[in-house]
Every structure is written in C-alpha cells, then in structure tokens.
Amino acid sequence: MSEARQPVPWDYREVVLRYLRLSDAVLDIGTGGGERLRDLAGAFGSGLGIDVDPAMVRLATEKSAMPNLSFRVGSDRLESVPEMLDVIISRHAPFDPVAVAAHLRPGGYFITQQVGERNMACVKAALGQPLGPPVIRRQSFAASGLRLLAFLEYDVEYVVRDIESLVFWLNALDLDHADLDGRSALASVVTLNQILAGNVDNRGFVTNEHRYLAVTQNAHLETGVPAPPGPVDMLRRQAND
C-alpha cells in the first residue's frame, strides 16, 4: 500500500519491547498469522499466540521456524491457556480483563492497542454505519485486578495515495478483524463514489486513524520485578495528566 499518516505518540512494538525480559513467558491474544509475535520473539523466553480462527493458527504455525514460539486456537476468555504468563499482549483483538488478570503472574504486564470507534469515520458515514461505543475505557480494568499504568489515545489523518491501494485496503477489512466490512464499500460504483465524495484531494483519499493504548500491571506485585525503563515513565506521566 501507498499511504501516509500523521505522526503518532507511540509505536506499539516499541512499547511492548520496553516491558519484555529474556526470561519472560508471553501470550499474544488474537495473534492472527503470528507476525507480531515472531517480530518480538528475540526479546523473550517463550511465546504463545492464540486466535479464534483455526486457519490463521495453521498459517502462524507454518510460518514460524522459531523454537520458542507456539500457536493454538483460543478465544479472549483464554480457556485454552492453562499457563501463567509474565506479559500478555493484544493488538486490535478482543480481550477479557478478568481472564487476563487470572493468567498474569504477580507483577506481570498486559499491553493492548485497540482500534478506536472513530476510526475511518468518513467510510462509516458513507456506508450509513453509526459510530459504536468506545471499545476500551480507563474504567475497563477497574474490577479486574489490573492496575492501569498508562492510557493513551490518538486520532490522526490517514491518506491512501492511489486507487489500487484503496481497493486493497478496503478488501482487507472484514467484520472478523475490523468494525466494518470494507468489501461492501466496493459492492457498487454508487457506494464507492459516496465514500470518495469530499474525501479526495491532491494527496489521495483522506480519512483518519483512531487508536487507544493501555498498559496495565497485575496489582499483586512480586518482590524483585524490575521497573520499566525510563521511556515508559513518560507514558505513565501522560496517563496521569
């Protein structure tokens, strides 16, 4: 894809890396094809990726040649995960805070990035899809036993530069992995023109990207768990501002 995005206040991969130790056991909820977990594999001891889609789990298993990674079918309730983990991550996938807390070792961390309800607002408006409620709130963790360390949000301009990239992008969106069916936008010329109307300039198709980030810790702290390095303190300060 040919695209451009305004600067954003965090990078998901960099945030996660700050919390990983080489001895850690890590769980990735909604791992998909395992790309993110494979990318992080050199920073932890063992990693497990789960996904509700058996086809994605097979794909992740086939693509992984790393001995410290495994994949299995499982939902956000973590019913297929008997293990206790040091770090649990979830990027753009549903999660259950209570289940997460029950599977985190004392002092362990849960880090999630979620797609915001205003994401691609102009596309949703053209399709007649109302904005839903926020997928995540500060209060989401209050009753789970997870202590909120940071809660951040951004909503920035996102530009798809050519029609080929736009078609590819919309085709990749489905209700199993996004909050809209991008293919419905390509169902007719009329629908596509409604989406393009008023949203195209000399740079391409202009929409927005809306994201949340939450970093939490198991409230039952373990003696000797190291504090995250300095850059993460910035996230904590922003969360408290």
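Residues numbered from 1 in each chain as written. Predicted model: local features only at pLDDT ≥ 70, side-chain atom pairs only at ≥ 80, totals over all residues. Heavy atoms only, no water.

Caption draft 1: Geometry of the overall build of the protein chain. Counting secondary structure elements, the protein chain contains eight helices and nine strands. Radius of gyration (C-alpha) of the protein chain: 19 Å, near the 18 Å computed for a compact globule of 241 residues. In terms of principal-axis extent, the alpha carbons of the protein chain reach across some 60 × 45 × 30 Å. For the protein chain, buried positions account for 46% of its 241 residues. Partitioning the contacts of the protein chain with sequence separation of at least 6, the portion at a separation of at least 24 is 65%. Roughly 11,800 Å² of accessible area belongs to the protein chain as shown, and the carbon and sulfur atoms make up 54% of that amount. Charged side chains of the protein chain number 23 positive and 30 negative; the gap between the two group centres comes to 4 Å. (Helix = DSSP H or I, 4+ residues; strand = E, 2+ residues; numbered from the N terminus. Rg over C-alpha atoms; globule rule 2.2 N^0.38 Å. Buried < 20%, exposed > 50% of the residue type's maximum accessible area, 1.4 Å probe, protein only. Contact = heavy atoms within 4.5 Å. Areas by Shrake-Rupley, 256 points an atom, 1.4 Å probe, with all protein chains shown as cover. Lys, Arg positive; Asp, Glu negative; His and termini not counted. Charge placed at Lys NZ, Arg CZ, Asp CG, Glu CD.)

Caption draft 2: Structural view of the pairing of strand β9 (residues 204-218). Where burial is concerned, most of β9 is hidden: 15 out of the 15 residues are buried. In this sheet, β9 lies alongside strand β7 (residues 146-160) in antiparallel orientation, the contact comprising 14 bridges. Note on β9: the bridge partner recorded for Val160 is Phe205. Inspection of the sheet shows strand β8 (residues 200-201) paired to β9 by two bridges, in the antiparallel sense. Paired with Val200 across the strands is Phe205, a residue of β9. In sequence, β8 turns back onto β9 through a hairpin of two residues. (Pairing = 2+ DSSP bridges.)

Caption draft 3: Summary view of the packing of aromatic side chains. Counted according to the given criterion, the structure contains seven aromatic pairs. Three or more aromatic residues joined by ring pairs make a cluster, and in this case those are Phe95, Phe110 and Phe141. (Phe/Tyr/Trp six-rings, centres within 6.5 Å; stacked < 30°, edge-to-face > 60°.)

Caption draft 4: Fine view of the pairing of β7. The sheet contact formed by strand β1 (residues 3-5) and β7 spans three bridges and is antiparallel. Each bridged residue has a counterpart across the sheet, and for Arg5 the counterpart in β7 is Tyr158.

Caption draft 5: Main features of unusual backbone geometry. Phi at Leu78 is positive, roughly 60 degrees, even though this residue is not glycine. Checked against the element boundaries, Leu78 lands in the loop between β4 (69-73) and β5 (85-91).

Caption draft 6: Focus on the pattern of salt bridges. Enumeration over the complete set of coordinates arrives at twelve salt bridges. Ionic pairing is found between Glu153 and Arg118, a salt bridge with its closest N-O pair at 3.0 Å. Of this pair, Glu153 sits in strand β7 while Arg118 sits in the loop between β6 (104-115) and α5 (121-126), and the two are 35 residues apart along the sequence. Its relative accessible area of 30% is what places Arg118 among the partly exposed residues. Arg203 serves as the salt-bridge partner of Glu157, at 2.7 Å between the closest nitrogen and oxygen. Of this pair, Glu157 sits in strand β7 while Arg203 is found in the loop between β8 and β9, placing the two residues 46 residues apart along the sequence. Residue class for Glu157 comes out partly exposed when judged on its relative accessible area of 26%. (Salt bridge = Lys/Arg side-chain N within 4 Å of Asp/Glu carboxyl O.)

The values reported here are purely geometric and, on their own, carry no functional implication.
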